[in-house]
Amino acid sequence: MRAWGRACSAGFLLLMAGLAVAQGAPAAGSLPRRHVSFAFDRKGVAVGHYRLVVFEDGSGLYEGNEIPIATGYGRPADLSTVPFKHTITISPATSGKIFSTAEKLNRFDVPCASKLKNIADTGTKTLRYEGRDGTGSCTYNYSENKDIQGLTDIFQGIAETLDTGRKLDQLHRFDRLGLDSAMKFLTEEVSSGRALEIGTIARSLQSIAQDTDVMVRVRNRATELLKRIPEEAATP
């Protein structure tokens, strides 16, 4: 009788599992990898929409739409947007900071939008957490929460680096003289802490640094930026 009872119990569990699958319940292996994403939307800027996703291991995805820049040949930029998509890897220090802050903020299940009036429109931003331990998100234009501000600075700093990397690639191909001002701008942004995770555009910088047809000072700036990559990987 005991064997028969165990067999019935096992059969019941299998039946319930089958019903769960039939009703669309996710299997354990299909649950989302833990990740944090940042979405940005704003009209009237070159990159009016983007989404940056970071997984726990530092891998990630950056995708969106942008208005292409004009080249040095006098052709005006096409005002229609074009999509872009990059796979990225960020440093353990930065990914660790992102996830520890998300946990501190209860997976973004907190009020994050400022209630102040007459705040300048700096774009609609959404922070979202997804994982086996739950989900959460918050949307804001401006937040008075210091941790939300810190994460916003991190994600926007990474996005700025990647956007500049695309610009450098285009200038390197079509307008090498234009690299001078673009590289100077990037160096200043990195020094001020506004552009982060230079390692995400290491390939672009290496290509410029090794190109003897590019101005020496541009190559030198690219080389100096490459030297910063090990430092940023160790900076929390």
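Our subject is the structure listed above.
To start, this report covers the structure provided alongside it. All residue numbers here refer to positions counted from 1 along the written sequence of the relevant chain. Whole-chain, interface and lining totals are the exception, using all residues; otherwise, since this is a predicted model, local features are given only for residues with pLDDT of at least 70 and side-chain atom pairs are given and counted only at 80 or more. Hydrogens and water are ignored here; the side-chain numbers use all heavy atoms of the structure.

## Overview of the overall build of the protein
Moving on, step 1. When helices and strands are counted, the protein shows seven helices and six strands.
Moving on, step 2. Each helix is a run of H or I in the DSSP string that is no shorter than four residues. Each strand is a run of E no shorter than two, and both are numbered from the N terminus. Secondary structure elements of the protein occur, N-terminal to C-terminal, as α-β-β-β-β-α-β-β-α-α-α-α-α.
Moving on, step 3. Three exposure classes are used, based on accessible area relative to the maximum for each residue type with a 1.4 Å probe and protein chains only: buried under 20%, partly exposed in between, and exposed over 50%. With 236 residues in all, the protein has 36% of them scored as buried.

## As for the pattern of salt bridges
Moving on, step 1. In what follows, salt bridge is the name for a side-chain nitrogen of Lys or Arg lying within 4 Å of a carboxyl oxygen of Asp or Glu. Going through the model one piece at a time under the given rule, you end up with 15 salt bridges.
Moving on, step 2. A salt bridge links glutamate 63 to arginine 51; the shortest N-O distance between them is 2.9 Å. In this pair, glutamate 63 is assigned in strand S3 (residues 59-66) and arginine 51 in strand S2 (residues 49-55), connecting sequence segments twelve residues apart.
Moving on, step 3. The exposure class of glutamate 63 is partly exposed, given its relative accessible area of 22%.
Moving on, step 4. As a salt-bridge pair, arginine 176 and aspartate 213 come within 3.4 Å of each other at their nearest N and O atoms. Remark: aspartate 213 occurs in the loop between helix H5 (202-209) and helix H6 (216-227) and arginine 176 occurs in the loop between helix H3 (146-174) and helix H4 (179-192); sequence separation between them is 37 residues.
Moving on, step 5. Judged by relative accessible area, which is 37%, arginine 176 ranks as partly exposed.
Moving on, step 6. Through salt bridges that share partners, Arg34, Glu56 and Glu103 make up one connected network.

## Structural notes on unusual backbone geometry
Moving on, step 1. In this structure, asparagine 106 is a non-glycine residue whose phi angle is positive, near 55 degrees.
Moving on, step 2. In this fold, asparagine 106 is placed in the loop between helix H2 (92-104) and strand S5 (124-131).

## Here we look at the packing of H4 against H6
Moving on, step 1. Close contact between H4 and H6 brings their axes to 9 Å; oriented N to C, the two are set at 30 degrees. The angle between H4 and H6 places the two elements in the roughly parallel class. For the pair H4 and H6, the sense of crossing is left-handed. Residues Leu179, Asp180, Met183, Lys184, Leu186, Thr187 and Val190 of H4 form the contact with H6, whose participating residues are Arg217, Val218, Arg221, Ala222 and Leu225.
Moving on, step 2. All amino acids are sorted into three groups, where Ala, Val, Leu, Ile, Met, Phe, Trp, Tyr, Cys and Pro are nonpolar, Asp, Glu, Lys and Arg are charged, and the leftover types, Gly among them, are polar. Of the residues belonging to the contact of H4 with H6, the class tally is seven nonpolar, one polar and four charged. Axis lines are fitted to C-alpha atoms, over the contacting stretch for helices. Their N-to-C directions set the angle, which ranges from 0 to 180 degrees. By the definition adopted for this analysis, an angle is roughly parallel if under 35 degrees, roughly antiparallel if over 145, roughly perpendicular if from 65 to 115, and oblique otherwise. Crossing handedness: left-handed means the near helix sits turned counterclockwise from the far one by under a right angle, and right-handed means the same turn made clockwise. Contact between two residues is taken to exist if any of their heavy atoms lie within 4.5 Å; hydrogens are not considered.

## Considerations on the nonpolar core
Moving on, step 1. If you look at the biggest cluster of nonpolar residues, it comprises 47 residues, and the most contacted ones within it are Ile98, Phe108, Leu127, Met183, Leu186 and Leu205.
Moving on, step 2. It is H3 that provides the largest number of residues to this core, a total of nine residues.
Moving on, step 3. Ignoring any residue separated from it by four or fewer positions in sequence, one finds leucine 186 in contact with Thr164, Leu168, Ala195, Ile198, Ile201, Leu205 and Leu225. Nonpolar core, defined: a set of buried Ala, Val, Leu, Ile, Met, Phe, Trp, Tyr and Cys residues in which side-chain atoms within 4.5 Å join the residues together.

## Comments concerning the packing of aromatic side chains
Moving on, step 1. The rule is short: rings of Phe, Tyr and Trp, with Trp giving its six-membered ring, pair when the centres are within 6.5 Å, and they are stacked under 30 degrees, edge-to-face over 60, tilted in between. In total, this model carries five aromatic pairs according to the counting rule given.
Moving on, step 2. Geometrically, the ring pair formed by phenylalanine 38 and phenylalanine 155 is stacked, given 5.4 Å between the ring centres and 10 degrees between the ring planes. Pair noted here: phenylalanine 38 is in strand S1 (residues 35-41) and phenylalanine 155 is in helix H3, with a separation of 117 residues, a long-range link. Pair check on accessibility: phenylalanine 38 and phenylalanine 155 agree, each one buried.
Moving on, step 3. Taken together, the ring pairs in this structure connect Phe38, Phe40, Tyr50, Tyr62, Phe84 and Phe155 into an aromatic cluster.
Moving on, step 4. In this arrangement the basic side chain of arginine 33 is found over the ring face of phenylalanine 55, its NZ or CZ atom lying 4.0 Å from the centre.
Moving on, step 5. For arginine 166, the ring lying beneath its charged end belongs to phenylalanine 84, and the centroid distance is 3.8 Å. Cation placement over rings: the criterion is NZ of Lys or CZ of Arg within 6 Å of the ring centroid and within 35° of the ring normal.

## Some words on H2
Moving on, step 1. Working rule for helices: expected span equals 1.5 Å times residues minus one. Between its terminal C-alpha atoms H2 stretches 18 Å, which fits the 18 Å expected from 13 residues at 1.5 Å a residue.
Moving on, step 2. Three or more residues of H2 are buried, namely Ala93, Thr94, Ser95, Ile98, Phe99, Thr101 and Ala102.
Moving on, step 3. Once H2 finishes, asparagine 106 follows within two positions and takes phi at roughly 55 degrees, a positive value.

## Description of the packing of H3 against H5
Moving on, step 1. Put simply, H3 and H5 touch, their axes get as near as 9 Å, and they point 30 degrees apart. As the angle between them shows, H3 and H5 are arranged roughly parallel. Regarding H3 and H5, the two cross each other, and that crossing is left-handed. Mapping the contact onto sequence places Gly165, Leu168, Asp169 and His172 in H3 and Ser204, Leu205, Ser207 and Ile208 in H5.
Moving on, step 2. Residue composition of the contact of H3 with H5, grouped by class: three nonpolar, four polar and one charged.

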